[in-house]
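Structural overview
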Amino acid sequence: MMLTLETRSHSGARIDDHGASHTRTSPARVQETGCGTGRVYVNFLGEEGQDRVRAAYGDAKYERLRALKRTYDPTDLFRLNQNIRP
């Protein structure tokens, strides 16, 4: 089961100190409770690097995807996403 936690620190146009503090500390609190797995969902990644992309797929799937990429897109034409390099 995957749970998505989104926190926001404002209501309307004004950001209050309590809300901003809560937003900054929420990820740490999730980890403290044992609910956080540290895993990554690929569609939530920005430009965080290949290590995070690999974490999203896992080592075995990532290597299979790299093999496909080398076969069907060796010049890395389709790279404007959470890219897997050939």
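Conventions and cut-offs
Residues numbered from 1 in each chain as written. Predicted model: local features only at pLDDT ≥ 70, side-chain atom pairs only at ≥ 80, totals over all residues. Heavy atoms only, no water. Helix = DSSP H or I, 4+ residues; strand = E, 2+ residues; numbered from the N terminus. Buried < 20%, exposed > 50% of the residue type's maximum accessible area, 1.4 Å probe, protein only. Contact = heavy atoms within 4.5 Å. Areas by Shrake-Rupley, 256 points an atom, 1.4 Å probe, with all protein chains shown as cover. pLDDT = per-residue confidence, 0-100. 1 Å grid on protein atoms, 1.4 Å probe; cavity = no way out; pocket = protein on both sides within 12 Å on 5 of 7 lines; lining within 4 Å. Points joined across faces, edges and corners; volume = space filled by probe spheres on them. Nonpolar A, V, L, I, M, F, W, Y, C, P; charged D, E, K, R; others polar.

A closer look at the overall build of the protein chain
- Within the protein chain one finds 3 helices and 2 strands.
- Sorting the 86 residues of the protein chain into buried and exposed places 17% on the buried side.
- When contacts within the protein chain are restricted to residue pairs at least 6 apart in sequence, those whose partners lie at least 24 apart make up 24%.
- Taken as a whole, the protein chain presents about 7200 Å² of accessible surface, with 53% of it coming from carbon and sulfur.

Focus on the confidence of the model for the protein chain
- With 56% of its residues at a pLDDT of 70 or more, the protein chain shows a mean pLDDT of 74.
- The secondary structure element of the protein chain with the lowest average pLDDT is strand β1 (residues 10-11), at 54, and the one with the highest is helix α3 (residues 59-72), at 95.

As for the layout of surface pockets
- One number sums up the size of the second largest pocket: a volume of about 220 Å³.
- Along the wall of the second largest pocket there are 15 residues; nearest its centre are E47, Q50, N81, Q82 and N83.
- A breakdown of the residues in the lining of the second largest pocket according to their chemical character gives 3 nonpolar, 6 polar and 6 charged.

Thoughts on unusual backbone geometry
- Its identity is not glycine, yet D76 carries a phi of approximately 60°, on the positive side.
- Topologically, D76 is positioned in the segment after α3.

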